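# Residue-level structural notes
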Amino acid sequence: MKDVFIELEKCQGCKSCELACAVEHSKAKTLFAAISETPLPRKRVFVEYVDGKRFPIQCRHCEEAPCVAICVSGALSRDESRALVTHSKERCIGCGMCVMVCPFGVITREMGSKVITKCDRCKDRDEPACVESCPVGALVFTDMEELEKTRRRGVIKNVLIGGFKAS
Amino acid sequence: MIVNNQEIEAKEDSTLLQAASAMGIVIPTLCFHEALGPHGSCRVCLVEIVNGARPGLVASCTYPVEEGLVVETNNTKVLKTRRIMVELLLARCPDSTKIRGLANDLGIAEPRFDKENESCILCGLCVRVCREIGINSVGFIQRGTNREVTTPFQKPSEVCLGCQACAFLCPTGAIKFEDVAEERKVEKWKTSIKLQRCSSCSRPFFPEPLQLYLKEKELLVPENIGLCEVCRRKSLGSRLASILSRKSTV
């Protein structure tokens, strides 16, 4: 099952993913039209700066998700076939409890707005917008096996170039 | 079944309103919410059943679909009755923008009835959503023209969580929450709830009763208790950063 992985060492904090995410969730899906929309489209991925390090974070689509457990209306549910936590705008009652229980703080809602925003892993796309926009490859959309393979190759490459370097 | 001369298929347990909106046929409604089930109090979603066991006008949000039903959602009889329904609602709540908009769509400028200065249309969404969450802090009292939604004995609610779901669902904006310093006030329920400050950025964000409620459910991660969502991301970040710095020293 494919997932969005974060390569922590690579992120430069350029926030391209945040921008691409907001544009993808706008009505027009182009940057210039998106900035004049009301309400402004909102991002679902967040680049955080902590102790001189930067990293992007979005919904991890937990297997045992606290947000799904707390949702009384059934608006948040886990789609096992795609391994996603999905949110239905129509069923949402706006109690905001998912915002409070999310262990990563990646479910947000603006003051005065009913419905929450969270990563839907771009339903209209094969590859999420954040992954596609990342210029340094800090966000990777792949499955676990593929990721490990790339890691192994990276190590071998380093050894061949000369000397061992942990990657 | 047939809706507006168009043959449609519907799921067995659905109502006329759900079946029609699934097919893209718009029926206006004020008191329906998908998660809260049918209630049938605003009567705006009226449609006419032409054949079947009970021909006549019915509320589409409470009427279950049947095989071979012939329904019309926009004929003159439906529109005439719907107009009167909305006109009565408009006379009750002349200041509500949503009802004003609905009236405009139906071609009503001003109601012919005496205007009241109410804001609640007694649709029961707030009562139902509070029951759904399991709190039951508000309910209907009295009957007829005296009917209203309020807290038990019209006193400040002792059980309200301050989650604001009732305010978000209210179609007329009768329920308003206001965050003043460390208090979240609800004029309609005469209640004020203490907000807890985020232990890191000291932004007041978390109604205290809601935190107790979530603690009881055992869904809060211990290291996240008392942190707002922004600081929760940051705390995750500092944990990751410490892992990274350890790695680079290896």
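Below you will find a few notes about this structure. (Residues numbered from 1 in each chain as written. Chains lettered and ligands numbered in written order. Predicted model: local features only at pLDDT ≥ 70, side-chain atom pairs only at ≥ 80, totals over all residues.)

Residue and element names in this part refer to chain B. Strand order in the open sheet formed by four strands is β8-β9-β10-β11, and the pairing between neighbours is antiparallel. Where the open sheet ends on each side, the last strands, each with one partner, are β8 (177-180) and β11 (204-207). Taken over all neighbouring pairs, the strand axes of this sheet differ in orientation by 35° on average, direction set aside. In terms of strand pairing, strand β10 (residues 191-197) meets β11 through three bridges, oriented antiparallel. (Pairing = 2+ DSSP bridges. Helix = DSSP H or I, 4+ residues; strand = E, 2+ residues; numbered from the N terminus. Axes fitted to C-alpha atoms, helices over the stretch in contact; angles between N-to-C directions.)

Bringing the environment of proline 209 of chain B into the picture now. All names here are of chain B. Secondary-structure assignment places proline 209 in helix α6 (residues 208-216). You can call proline 209 partly exposed: it has 19 C-beta atoms within 10 Å. Sequence separation between proline 209 and threonine 150 is 59 residues, and the spatial gap between their C-alpha atoms is 19 Å. Discounting chain neighbours no more than four positions away, the residues touching proline 209 are Cys160, Leu161, Gly162 and Ile193. (Buried ≥ 20, exposed ≤ 12 C-beta atoms within 10 Å, placed from the backbone. Contact = placed C-beta atoms within 7 Å.)

All names here are of chain B. Over its 17 residues, helix α2 (residues 76-92) extends 24 Å from the first C-alpha to the last, a length consistent with the 24 Å expected when each residue adds 1.5 Å. Among the residues of α2, those classed as buried are Arg82, Val86, Leu89, Leu90 and Arg92. Considered in projection along α2, the buried side chains sweep an arc of 150° and stay on one side of the axis. Set apart from the buried face of α2 by more than 90 degrees, the exposed residues are Thr76, Lys77 and Lys80. Packing partners of the buried residues in α2 comprise β3 (46-49) and α3 (97-105). (Expected span 1.5 Å × (residues − 1). Arc of directions from axis to C-beta.)

Bringing the interface of chain B and chain A into the picture now. On the chain A side, the residues contacting the 30 residues of chain B number 33 residues. Within the residue set of the side of chain B that touches chain A, elements represented by two or more residues are α4 (125-133), α5 (165-169), α6 and α7 (229-249) of chain B. Ranked by residue count, the leading element in the side of chain B that touches chain A is α7 of chain B, at eleven residues. Classifying every residue of the side of chain B that touches chain A by side-chain character gives 19 nonpolar, four polar and seven charged. (Nonpolar A, V, L, I, M, F, W, Y, C, P; charged D, E, K, R; others polar.)

All names here are of chain B. Pairing of β3 with strand β4 (residues 56-59), which is carried by four bridges, proceeds in the antiparallel orientation. Across the sheet, residue valine 47 finds its bridge partner in β4, namely valine 58. Turn length for the β3-β4 hairpin, with the two strands adjacent in sequence and antiparallel, is six residues, and the turn residue glycine 52 shows positive phi of about 90°.

Below, the discussion takes up the sheet that holds strand β5 (residues 70-72) of chain B. All names here are of chain B. Read from one edge to the other, the open sheet built from five strands follows the order β2-β1-β5-β3-β4, with strand pairing classed as mixed. The sheet terminates laterally at β2 (6-7) and β4, the two strands that pair on one side only. In the sheet, β3 pairs with β5 via two bridges, with the strands oriented antiparallel. Among the inter-strand pairings, isoleucine 49 is bridged to a residue of β5, identified as valine 71. Across the face of the sheet, α2 comes into contact with β3, β4 and β5 while running at roughly 150° to β3.

Right, let's talk about the nonpolar core for a bit. Core analysis: the biggest nonpolar cluster contains 96 residues, and Cys67, Cys98 and Cys130 of chain A together with Cys126, Cys166 and Leu169 of chain B have the highest contact counts within it. Each of domain 1 (2-105) and domain 2 (125-234) of chain B gives at least three residues to this core. Other than its neighbours up to four places away in sequence, cysteine 126 of chain B contacts Val138, Val149, Cys166, Leu169, Cys170 and Ile175 of chain B. (Core = buried A, V, L, I, M, F, W, Y, C linked by C-beta atoms within 7 Å. Domains from an automatic or database assignment.)

This part is about the packing of α2 of chain B against α3 of chain B. Residues and elements named next belong to chain B. At a minimum axis separation of 10 Å, α2 and α3 run at an interaxial angle of 145°. When you trace α2 past α3, the crossing you get is left-handed. Of the residues in α3, those touching α2 at Val86, Leu89 and Leu90 are Ile99, Arg100, Leu102 and Ala103. A breakdown of the residues in the contact of α2 with α3 according to their chemical character gives six nonpolar, no polar and one charged. (Left-handed = near helix turned anticlockwise from the far one by under 90°.)

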